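Here are the chains, one letter per residue:
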Amino acid sequence: MTRPPPPKAPPIARLPLGQTLVELLLGGAVAVAVSLGLQLAVDRMAVGPGTYVLQSLANVTGAVILVGLFVPVGLGWAARWPLWCNLAGAWTGLSALATVLLAIPLEATKFFLGGSGVDNTFRLQYMERMASTVGLADANYRGLAAYYPGGWFWLGGRFANLVGLDGWAAYKPYSITWAGLSAVVAFVLWSLVLRRNRALLVTVVTVLAGFIAFGPDEPYAWPTTAWLPPVALLAWRVFRRGARVFTWPLVLVGGYLGVCAVTYTLHLVFGAVVVVVLAVLAGVLDLRAGAPPWPTVWWLSSRLVVIGVLAALVGALTWGPFILAGGLGTSNVAAHFLPEVGASLPTPFVPTSAFGVLCLGGLVWLVWRARDELATVLLVITGAVYAWFVLSTLAIVANTTLLAFRFIVTVDVALAVAGVFAALDVLRRLPVVSVRAIGVVLAVAGAVSMMQAGVDSSKGMVAAAESDYDTDGYNAKGEHDLALDAAWRGALITTIDELSRRPPTENVVLSTEERLLSFRPYWGFQTTTPHYANPLAAYPQRNEEIRRWASSSGPDELSARMARSPYEPPNVLVLRRGPEGKLLLRVASDSFPRAAPVRVEELEFDPGLFESPPFVEQDVGPFVVIVRR
């Protein structure tokens, strides 16, 4: 008995392998060129901070780009143009849209969204590290295999070297460039499974949904979020074919999971779950249709194995050294974080905005058209997100989470894409002649509304970037408030370089100024937060070592204890001078499940501990820089 093929099954991919590769390469090159060119043009505007001019420019420019993308396609003009013209226009428009929505609001500052605070402290430190080495290395600890996937940051280091910027300064243009590149790659991926006009439409909506949900704020995670739906649809088609299939769609799915592995581990796990669920669902449907059990299990399993092996091979590029160093299974607190936004289930379908209406329509469409292949895939992704939230809540029993809040943008994108097809279904049923014109007007109006909501939602992060201090001691507003630690950043760097007489990569620093290591590739004795600490670094034990040093009775005992330390001791300490002459150092520890997951303890060092020849010190504002020679 042979398994009958599905009736009128569409091809697995609408584009052949060669054309797909060409479009990925050429489209990617155009996206990067357009993004960098626009960023250079925006930097020349010199508008400055503290004005609504930048928000206005971003909104108007974005609206013009949206009109340019939608009108030719919606009114049928693009159908008369050659393919290369349509593709070049789509690539340019998509990259430009994603770029201007970030570059224009951030025109006044060297920082990306959020400045150097919160998670960006680690991200900038990783960029500094990768810009200072050609290999993979831990962001903080010298000699340890990298724990956090470094693929995106390694490329960022090469970008920084190419354009001649420090890692922290390259983070903003590099992140914006990736936003433009991600949009174009998403369009190519959608073109594999949808007609060109629909691929363009859902890519635009993906970009706008991402901005509303703060997707580009995490620039190394946003690409794999944007690419998941088309890749999942391709995987579904692979699993629904009983006959032989071309190998390259399997390679693409496995390659996608591999990219997740080298950039964002959470997306690897989630993406693998989605792919496996799709395979199981395909098998169940085949068995219900009368397919023989064992052959069905065999070909589904073999395709999953191919995908898994490819993903593992790519992932080994960054995970291999860490696993070989014995890091697999080592305890860590990376998932000990539950922000307020993660305490509630995501409900983007509340119809109080154009985006909410779109998502509500998408939710209805998913239920109504559940048997449609795209609806099936989007339902699986949406259901997986909500299941992840439930499991993350249950994981609290084990004193951890699954960081479910990171998938809010995933469900937003899935429902928004579904909303596009809901709108198309409604338009096809309108009893009017000028359906095209109505569709274009609604598309432009809705997209502009969503775009402006996205720009508005980022205002707080833009303000933080404009208020943050550069290494020259000033921020984008020209402020130089010496009461703020950040104003002394440049002076601290200069003092460390002068006293240590070493290049930055030869210094191991223990600092109470938590963002200092984000601006120079110093090695750190300890990270500023346990959640980004390498499990191989023994974070709690290092804290205990610091406490032992602080309890020393004199310089000789301190020197001896540092010399006998099982960890490479710091040769530079940056401490704060306290009110009674004591030298203070902040030490962080995990405090999950509290809302503020980090507990900060302030240790006191007696100034007399450093009154001996091995130590030299110099006051820098409220800080004391101590170098052990």
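The written sequence of each chain sets the order in which its residues are numbered from 1. Note on the predicted model: pLDDT of at least 70 is required for a residue's local features to be given, and 80 or more for side-chain atom pairs to be given and counted; whole-chain, interface and lining totals, by contrast, use all residues. To obtain the side-chain values, all non-hydrogen atoms of the structure were included, while hydrogens and water were left out.

Enquirer: Would you mind showing me how to read the overall build of the protein chain here?
Expert: Secondary structure summary: the protein chain contains 19 helices and seven strands in total. By the compact-globule yardstick of 25 Å for 629 residues, the protein chain fits well, its C-alpha radius of gyration being 26 Å. With the principal axes as the frame, the protein chain shows a C-alpha extent of 85 × 60 × 40 Å. Per-residue accessibility, obtained with a 1.4 Å probe over protein chains only, is compared with the maximum for each type, and a residue is labelled buried under 20%, exposed over 50%, and partly exposed between these values. For the protein chain, the proportion of its 629 residues judged to be buried stands at 54%. Contacts spanning at least 24 positions in sequence make up 73% of the contacts within the protein chain whose residues lie at least 6 apart. In this tally, Asp and Glu contribute negative charge and Lys and Arg positive charge; neither His nor the terminal groups of the chain are included. To locate a charge, take atom NZ for lysine, CZ for arginine, CG for aspartate or CD for glutamate. A gap of 15 Å separates the mean positions of the 46 positive and 42 negative side-chain charges of the protein chain. Helix and strand assignments follow DSSP, with helices taken as H or I runs no shorter than four residues and strands as E runs no shorter than two, numbered in order from the N terminus. Atoms counted for the radius of gyration: C-alpha only. Globule rule: 2.2 Å times the number of residues to the power 0.38. Contacts were defined at the residue level, with two residues in contact if any of their heavy atoms lie within 4.5 Å.

Enquirer: Would you mind going over the nonpolar core with me for this structure?
Expert: Side chains of a nonpolar character, in soluble globular proteins, are inclined to be buried together. Here, nonpolar core means buried Ala, Val, Leu, Ile, Met, Phe, Trp, Tyr and Cys residues that are tied together by side-chain atoms lying within 4.5 Å of each other. Within the largest apolar cluster, 189 residues are counted, with the highest numbers of intra-cluster contacts made by Phe239, Phe605 and Phe610. Per-element accounting of this core gives the leading share, 19 residues, to helix 6 (residues 167-193). Counting five residues, the second-largest nonpolar core is a separate cluster that includes Tyr141, Ala537, Tyr539 and Ala588.

Enquirer: What's the story with empty space enclosed by the protein in this structure? I'm lost.
Expert: In this analysis a 1.4 Å probe is tested at points of a 1 Å grid over the protein atoms alone, and where it fits but cannot get out there is a cavity; an open set with protein on both sides within 12 Å along at least five of seven lines is a pocket; lining residues have an atom within 4 Å of a point. Grid points are joined across faces, edges and corners, and a volume is the space filled by probe spheres set on the points. Going through the model one piece at a time under the given rule, you end up with five cavities of 30 Å³ or more. For the largest cavity, the lining is made up of 15 residues, of which Phe122, Gln125, Ala139, Thr527 and Tyr532 are closest to its centre. Polar here means any residue other than Ala, Val, Leu, Ile, Met, Phe, Trp, Tyr, Cys and Pro, which are nonpolar, and Asp, Glu, Lys and Arg, which are charged; Gly is therefore polar. Across the lining of the largest cavity, the residue classes break down as seven nonpolar, seven polar and one charged. Space inside the second largest cavity adds up to approximately 60 Å³. Leu102, Leu113, Phe211, Phe214, Gly215, Pro216, Asp217, Gly454, Ser457, Ser458 and Met461 together form the lining of the second largest cavity.

Enquirer: How do you make sense of the packing of aromatic side chains when you look at a structure like this?
Expert: The geometry of an aromatic ring pair is captured by the separation of the ring centres together with the interplanar angle, meaning the angle of the planes. Centres within 6.5 Å are what make two rings of Phe, Tyr or Trp a pair, Trp counting through its six-membered ring; a difference in plane orientation under 30 degrees is then read as stacked, over 60 as edge-to-face, and the rest as tilted. Across all of its chains, the model carries 29 aromatic pairs by this definition. Pairing Trp388 with Phe407 gives two aromatic rings, centres 5.3 Å apart and planes at 65°, and the pair type is edge-to-face. Of this pair, Trp388 sits in helix 13 (residues 373-394) while Phe407 sits in the loop between helix 13 and helix 14 (408-428), placing them 19 residues apart in sequence. For the residue pair Trp388 and Phe407, the accessibility class agrees, reading buried in each case. The interplanar angle of 35° and the centroid separation of 6.1 Å between the aromatic rings of Phe605 and Phe610 together place this pair among those described as tilted. This pair shows no difference in class: Phe605 is buried, exactly as Phe610 is. A network of ring pairs unites the aromatic residues Phe112, Phe122, Tyr126, Tyr148, Trp152, Phe153, Phe159, Tyr171, Tyr174, Tyr220, Tyr264 and Tyr532 as a single cluster.

Enquirer: What am I meant to see in the packing of helix 10 (residues 265-288) against helix 11 (residues 293-324) here?
Expert: Packed helix pairs are characterised by how far apart their axes lie and by the angle those axes make with each other. Lines fitted to C-alpha atoms define the axes, with helix axes restricted to the stretch in contact, and inter-axis angles between N-to-C directions lie between 0 and 180 degrees. Close contact between helix 10 and helix 11 brings their axes to 10 Å; oriented N to C, the two are set at 170°. The orientation of helix 10 with respect to helix 11, classified from their angle, is roughly antiparallel. Listed contacts from helix 11 to Thr265, Val275, Val276, Ala279, Gly283, Asp286 and Leu287 of helix 10 are Pro293, Thr296, Trp299, Leu300, Leu304, Ile307 and Trp319. Under this scheme an angle from 65 to 115 degrees is roughly perpendicular, one under 35 degrees roughly parallel, and one over 145 degrees roughly antiparallel; angles in between are oblique.

Enquirer: Looking at this model, I keep getting lost on helix 14. Mind explaining?
Expert: For an α-helix the count is 3.6 residues per turn, leaving residues at separations of three or four pointing the same way. For a helix, the expected span equals 1.5 Å multiplied by the residue count minus one. With 21 residues, helix 14 should cover 30 Å at 1.5 Å per step; its first-to-last C-alpha distance of 31 Å lies within 8% of that length. Counting buried positions along helix 14 yields 17 of 21 residues, so the element is predominantly enclosed.

Enquirer: Whenever I open this one, unusual backbone geometry confuses me. Can you help?
Expert: Here the residue pair Phe592 and Pro593 is connected by a cis peptide bond, since its omega of 20° sits within 30 degrees of zero. Backbone geometry places Phe214, a non-glycine residue, at a positive phi of 65°. With respect to the element layout, Phe214 can be found in the loop between helix 7 (196-212) and helix 8 (222-239). The exposure class of Phe214 is partly exposed, given its relative accessible area of 41%. The phi angle at Leu403 is positive, at roughly 50°, despite the residue not being glycine. Considering the arrangement of structural elements, one finds Leu403 in the loop between helix 13 and helix 14.

Enquirer: Looking at this structure, I do not really get the environment of Ala595. What am I missing?
Expert: Secondary-structure assignment places Ala595 in the loop between strand 4 (583-590) and strand 5 (598-605). Accessibility expressed as a relative area gives 69% for Ala595, which makes it exposed. Sequence separation between Ala595 and Arg196 is 399 residues, and the spatial gap between their C-alpha atoms is 46 Å.

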